[in-house]
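The residues making up each chain are set out below.
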Amino acid sequence: MSFHEVRFPANLSFGSVGGPERRTDVVTLSSGFEERNTPWAHSRRRFDAGLGLRSLDDIEALIAFFEARGGQLYGFRWKDWSDYKSCRPSQSVGYGDQVIARGDGATRSFQLIKTYRSGAHGYARPITKPVAGTVLTAVQDVERREGVHFEVDVTTGVVTFEEPPLQGVEISAGFEFDVPVRFDTGRIQTSVASFQAGDAPDVPVVEVRV
């Protein structure tokens, strides 16, 4: 996949609107009952970057970023201000935020995940674009040091330990992360007069699978 490891300007994404979407196929039977199924194992996020633009300088920065990505050609990182940590937004990242796996005595590499829970149910979201320098890990609640005990690939979200964690031990992690996205339009239309009158351009952005 064509992807640039560069983040959309965070000050522009701050005022954006968006969030996750799910695809569900609903069939209503003749009895009135429904059958529901989904072809998606994971949700997909959409955003509108246009609402974060506050000045003509912001528009210039947007156009420069759009051109450098070749429009829809190359993906990029996006900071979702409503969901960019392994913990609650009001808390600081800690190594015990998320249980990502249990050791088996042989495996050294593990995918970062964030689990969303409600009641007895949950959803484990793979985190493929952690922010460099923010990843913390622990094995059985004993903190490990990056560069000494583990390495993290910030392009895939895979953590690799120097030694495989022992059978059954809990492996946890904390991190900040970005969303891999691309522009969902091949053109950007702007008008200085309309912008000064309070109209923001539509700049749709959609998450991509990596």
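Further up the page is the structure itself.
All figures in this text were calculated on a predicted structure; none of them were measured in a lab.

K.L.:
I would appreciate a short explanation of the overall build of the protein chain in the present structure.
P.N.:
Secondary structure summary: the protein chain contains three helices and 17 strands in total. Based on the C-alpha atoms only, the size of the protein chain along its principal axes is roughly 65 × 55 × 35 Å. Among the 210 residues that make up the protein chain, the fraction classed as buried is 39%. Taking the intrachain contacts of the protein chain between residues at least 6 apart in sequence as the baseline, contacts between residues at least 24 apart amount to 73%. Of the roughly 11,600 Å² that the protein chain leaves accessible, carbon and sulfur atoms contribute 48%.

K.L.:
Would you explain the sheet that holds strand β8 (residues 109-111) in this entry?
P.N.:
Adjacent strands of a sheet pair through backbone hydrogen bonds, lying either parallel or antiparallel. Ordered by their spatial adjacency, three strands build an open sheet running β8-β14-β13, and the pairing between neighbours is antiparallel. Across the chains shown, the open sheet's two edge strands, defined by having one partner strand only, are β8 and β13 (150-153). Each neighbouring strand pair of the sheet contributes to a mean axis angle of 20°, computed without reference to strand direction. Bridge analysis of β13 against strand β14 (residues 158-161) gives four bridges, and the strand direction is antiparallel.

K.L.:
Whenever I open this one, the packing of aromatic side chains confuses me. Can you help?
P.N.:
To describe a pair of aromatic rings, one takes the distance between the centres and the angle between the planes. For the coordinates displayed, the defined rule picks out 15 aromatic pairs. Look at Phe8 and Phe183: their rings are 6.5 Å apart centre to centre, the planes differ by 75°, and that puts the pair in the edge-to-face class. Here the residue Phe8 occupies a position in the loop between β1 (3-7) and α1 (10-13), and Phe183 occupies one in strand β16 (residues 179-183), the gap between them amounting to 175 residues. A relative accessible area of 0% places Phe8 in the buried class. One aromatic cluster is present, formed by Phe8, Phe47, Phe65, Phe66, Phe76, Trp78 and Phe183 through successive ring pairs. Lying across the ring of Trp81, Lys79 places its NZ or CZ 3.9 Å from the centre. Lying across the ring of Tyr84, Lys79 places its NZ or CZ 4.3 Å from the centre.

K.L.:
Any chance you could explain the environment of Thr38 here in plain terms?
P.N.:
Residue placement: Thr38 occurs in the loop between β4 (34-37) and β5 (44-48). As for Thr38 and Val26, which are separated by twelve residues in sequence, their C-alpha atoms are 8.7 Å apart. Ignoring anything within four residues of it in the chain, the contact list for Thr38 reads Arg23 and Thr24. Side-chain polar atoms of Thr38 contact the backbone nitrogen of Trp40, separated by 3.1 Å.

K.L.:
Please explain a negative patch on the surface as it appears in this structure.
P.N.:
Residues Glu146, Glu151, Glu162 and Glu163 make up a contiguous surface patch of negative charge. Position of Glu162 relative to the elements: it lies in the loop between β14 and β15 (170-174). Among the residues examined, Glu162 registers a relative accessible area of 52% and is labelled exposed.

K.L.:
I tried to follow helix α2 (residues 56-68) on my own but got confused; where do I start?
P.N.:
What sets the pattern is the α-helix's 3.6 residues per turn: residues three or four places apart point alike. Taking 1.5 Å as the rise per residue, α2 with 13 residues should run 18 Å; its terminal C-alpha atoms sit 18 Å apart, in good agreement. Of all the positions in α2, only Asp58, Ile59, Leu62, Phe65 and Phe66 are classed as buried. Looking straight down α2, one finds that the buried residues subtend no more than 125° of arc, so they occupy a single side. Of the exposed residues in α2, those oriented more than 90 degrees away from the buried face are Asp57, Glu60 and Glu67.

K.L.:
Explanation requested: the pattern of salt bridges in the structure shown.
P.N.:
When the charged atoms of two side chains lie near each other, side chains of opposite charge can form a pair. Counted by the stated rule, this structure contains twelve salt bridges. In this structure, the salt-bridge partner of Lys129 is Glu5, at a minimum N-O distance of 2.5 Å. Residue Lys129 is found in the loop between β10 (121-126) and β11 (136-139), and its partner Glu5 is found in strand β1; the two are separated by 124 residues along the sequence. Residue class for Lys129 comes out buried when judged on its relative accessible area of 3%. Given a relative accessible area of 39%, Glu5 falls into the partly exposed group. If you follow the salt bridges from partner to partner, you end up with Glu5, Arg7, Arg77, Lys129 and Asp178 in one network.

Here is what the cut-offs are and how they apply
- Residues numbered from 1 in each chain as written.
- Predicted model: local features only at pLDDT ≥ 70, side-chain atom pairs only at ≥ 80, totals over all residues.
- Heavy atoms only, no water.
- Helix = DSSP H or I, 4+ residues; strand = E, 2+ residues; numbered from the N terminus.
- Buried < 20%, exposed > 50% of the residue type's maximum accessible area, 1.4 Å probe, protein only.
- Contact = heavy atoms within 4.5 Å.
- Areas by Shrake-Rupley, 256 points an atom, 1.4 Å probe, with all protein chains shown as cover.
- Pairing = 2+ DSSP bridges.
- Axes fitted to C-alpha atoms, helices over the stretch in contact; angles between N-to-C directions.
- Phe/Tyr/Trp six-rings, centres within 6.5 Å; stacked < 30°, edge-to-face > 60°.
- Lys NZ or Arg CZ within 6 Å of the ring centre and 35° of its normal.
- Polar contact = N/O pair within 3.5 Å; in protein donor to acceptor, adjacent residues only side chain to side chain.
- Patch = residues over 30% accessible without salt bridge, like charges linked within 9 Å, V, L, I, M, F, W, Y side chains within 5 Å.
- Salt bridge = Lys/Arg side-chain N within 4 Å of Asp/Glu carboxyl O.
- Lys, Arg positive; Asp, Glu negative; His and termini not counted.
- Charge placed at Lys NZ, Arg CZ, Asp CG, Glu CD.
- Expected span 1.5 Å × (residues − 1).
- Arc of directions from axis to C-beta.

Take it as geometry only, folks, not as evidence of what the structure does.
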